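Listed below, chain by chain, are the residues.
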Amino acid sequence: MNEIRVKVGNRAQLAQRLKEDQVDNVILVGNPGVGKSTILNSLMGEARFRSGVSASGVTEILQSQDFMGIKYVDTPGLDEYKKRKQAGEEIERALKQNGSMKLIFICVTEGGRVRSSDLATIDIVLGAFREGFKKNIRYGILVNKMDDENYEIIDEIIKQFDNVEIRTQHIDFMPRNNVYKGNNISADLPSGIIDFIYSIPTMRPNKDDVMKLVIDKYEERLDRTTKELLDMRQKYEDIIRKMGEIKVTPNSPRFTVGKGRKVHKKGCRIIRDNGGSGIRAKEYLKKDQCRICCDW
Ligand SMILES: Nc1nc2c(ncn2[C@@H]2O[C@H](COP(=O)(O)OP(=O)(O)OP(=O)(O)O)[C@@H](O)[C@H]2O)c(=O)[nH]1
Ligand SMILES: [Mg+2]
């Protein structure tokens, strides 16, 4: 999130830059209804993929469209029990496209939480890569349809993605916007999202680096992920509760530390443990550092 991104501009400039970088495919994977087809249509400036609302998923087979020499690949979601086997085969085909690829998982949150089904999908899809190729896996996550209040807990959302087996630093967020609402929509994407797509590292698997998706493991993975997310949630709530228990006097001091660059917040553990006395940063041992408001 803190990386400095190359400014790419618009959809045509993105395709041109990808071509210059010899990127062949941009592949979107994610569960039904997360907005894959809408995003791809928006990347091409016209509704070439069917998109909209359906109880069981609109996109059922792998589809691809050439846009300025780049292949944009749309795939069906795994979270649909009756179609899971087919979806698994289609995603396998997508990963076996010739050439280099940018692989992007599209997810959404529910009540501010990452959905277990989205994490399970990432694990099952990346699990299809041969063991020897795993270190070369590169991918991005785009969390779509973000509501305003979700932006307040963005760090927590990012942390939840640590529950996948192969992690990525490349995570970004796209706000929910009614310009994308409806059937077969294509609208401009925020330029930050175009830059994000460009910033995702490219990978180049061979056909034999990709195996069959083990879709039988999907349910098992889903159960495990649900538990991991619940545990994480519990830990997070414990921390929030503990922070609430810290007594803060109305005018408790705030100290500037680290050559005047940082400010301790009210209720800081270091301040509290030292009875609120004036202590300077250089007097702390590293082990005593405050994890609430300092980020050494
Ligand atoms: N309001 C709103 N609707 C959105 C947004 N993004 C996507 N949608 C809607 O969500 C629905 C599903 O979008 P699709 O692009 O078809 O989703 P998909 O991931 O391709 O779904 P499947 O093909 O079924 O797997 C469509 O009706 C979109 O218009 C958004 O930011 N805001
Ligand atoms: Mg679709």
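Rules used in this analysis
Residues numbered from 1 in each chain as written. Chains lettered and ligands numbered in written order. Predicted model: local features only at pLDDT ≥ 70, side-chain atom pairs only at ≥ 80, totals over all residues. Helix = DSSP H or I, 4+ residues; strand = E, 2+ residues; numbered from the N terminus. Buried ≥ 20, exposed ≤ 12 C-beta atoms within 10 Å, placed from the backbone. Contact = placed C-beta atoms within 7 Å. Near = placed C-beta within 6 Å. Nonpolar A, V, L, I, M, F, W, Y, C, P; charged D, E, K, R; others polar. Arc of directions from axis to C-beta. Pairing = 2+ DSSP bridges. Axes fitted to C-alpha atoms, helices over the stretch in contact; angles between N-to-C directions. Parallel < 35°, antiparallel > 145°, perpendicular 65-115°, else oblique. Left-handed = near helix turned anticlockwise from the far one by under 90°. Expected span 1.5 Å × (residues − 1).

Colleague: I tried to follow the overall build of the chain on my own but got confused; where do I start?
Modeller: Along the chain, the regular secondary structure elements total 8 helices and 9 strands. Sorting the 296 residues of the chain into buried and exposed places 35% on the buried side. In the chain, of all internal contacts separated by at least 6 residues, the share reaching a separation of at least 24 is 72%.

Colleague: Whenever I open this one, the site of ligand 1 confuses me. Can you help?
Modeller: Near ligand 1, the surroundings consist of 26 residues, among which S37, T38, S51, T59 and K181 are the closest. For the shell around ligand 1, the secondary-structure elements that each account for two or more residues are α2 (36–44) and β6 (140–146). The element that contributes the greatest number of residues to the shell around ligand 1 is α2, accounting for 3 residues. When its residues are assigned to classes, the shell around ligand 1 shows 7 nonpolar, 15 polar and 4 charged.

Colleague: Help me understand helix α1 (residues 11–20), please; the structure alone is not making it clear to me.
Modeller: The periodicity of an α-helix, 3.6 residues per turn, causes residues three or four places apart in sequence to face the same way. Those residues of α1 that fall on the buried side of the exposure criterion are R11, L14, A15 and L18. In a view along the axis of α1, the buried residues occupy a sector of 95°, so they form one face of it. Exposed side chains of α1 directed beyond 90 degrees from the buried face belong to A12 and E20. Of the surrounding elements, those touching the buried residues of α1 are α2, β2 (63–67), β3 (70–74) and α6 (191–199). Just downstream of α1, Q22 is the residue with a positive phi angle, here 60°.

Colleague: Just to check I follow, could you spell out the pairing of strand β4 (residues 101–110) for this structure?
Modeller: Along any regular strand the residues' side chains alternate between the sheet's two faces. Within β4, 8 of the 10 residues are buried, which leaves it mostly tucked inside the rest of the structure. Note that strand β1 (residues 25–30) and β4 share 6 bridges and pair parallel. When the sheet's bridge partners are listed, L28 is paired in β4 with I104. Relative to β6, β4 runs parallel, the two being bridged by 5 bridges. Looking across to β6, one finds that I106 is bridged to L142. In this structure, β4 lies alongside strand β5 (residues 113–114), joined through 2 bridges in antiparallel fashion.

Colleague: Can you help me understand the packing of helix α4 (residues 116–126) against helix α7 (residues 217–245) in this one?
Modeller: Relative placement of two packed helices is described by the angle separating their axes and the distance separating the axes. α7 packs onto α4 with a crossing angle of 125° between their chain directions and a minimal axis gap of 8 Å. By the angle between their axes, α4 is oblique relative to α7. Between α4 and α7 the crossing geometry is right-handed. Residues S116, S117, L119, A120, D123 and I124 of α4 form the contact with α7, whose own contacting residues are K217, Y218, R221, L222, T225, T226 and L229. Here the residues of the contact of α4 with α7 are counted per class, giving 6 nonpolar, 4 polar and 3 charged.

Colleague: Which parts of the structure should I look at to understand the pairing of β3?
Modeller: Burial analysis of β3 places 4 of its 5 residues in the buried class, which makes it a mostly covered element. The sheet contact formed by β2 and β3 spans 5 bridges and is antiparallel. In the strand pairing of β3, S64 is matched with V73. Counted along the chain from β2 to the antiparallel partner β3, the turn is 2 residues long, and its residue M68 has a positive phi close to 55°.

Colleague: Looking at this structure, how should I read α7?
Modeller: Spanning 29 residues, α7 covers 42 Å between terminal C-alpha atoms, matching the ideal 42 Å at 1.5 Å per step. Of all the positions in α7, only Y218, R221, L222 and T225 are classed as buried.

Colleague: Looking at this model, I keep getting lost on unusual backbone geometry. Mind explaining?
Modeller: A positive phi angle is found at Q22, which is not glycine, with a value near 60°. Assignment of secondary structure puts Q22 in the loop between α1 and β1. The residue K145 is not glycine, and still its phi comes out positive at about 55°. Within the element layout of this structure, K145 appears in strand β6. By the C-beta count within 10 Å, which is 20 here, K145 ends up buried.

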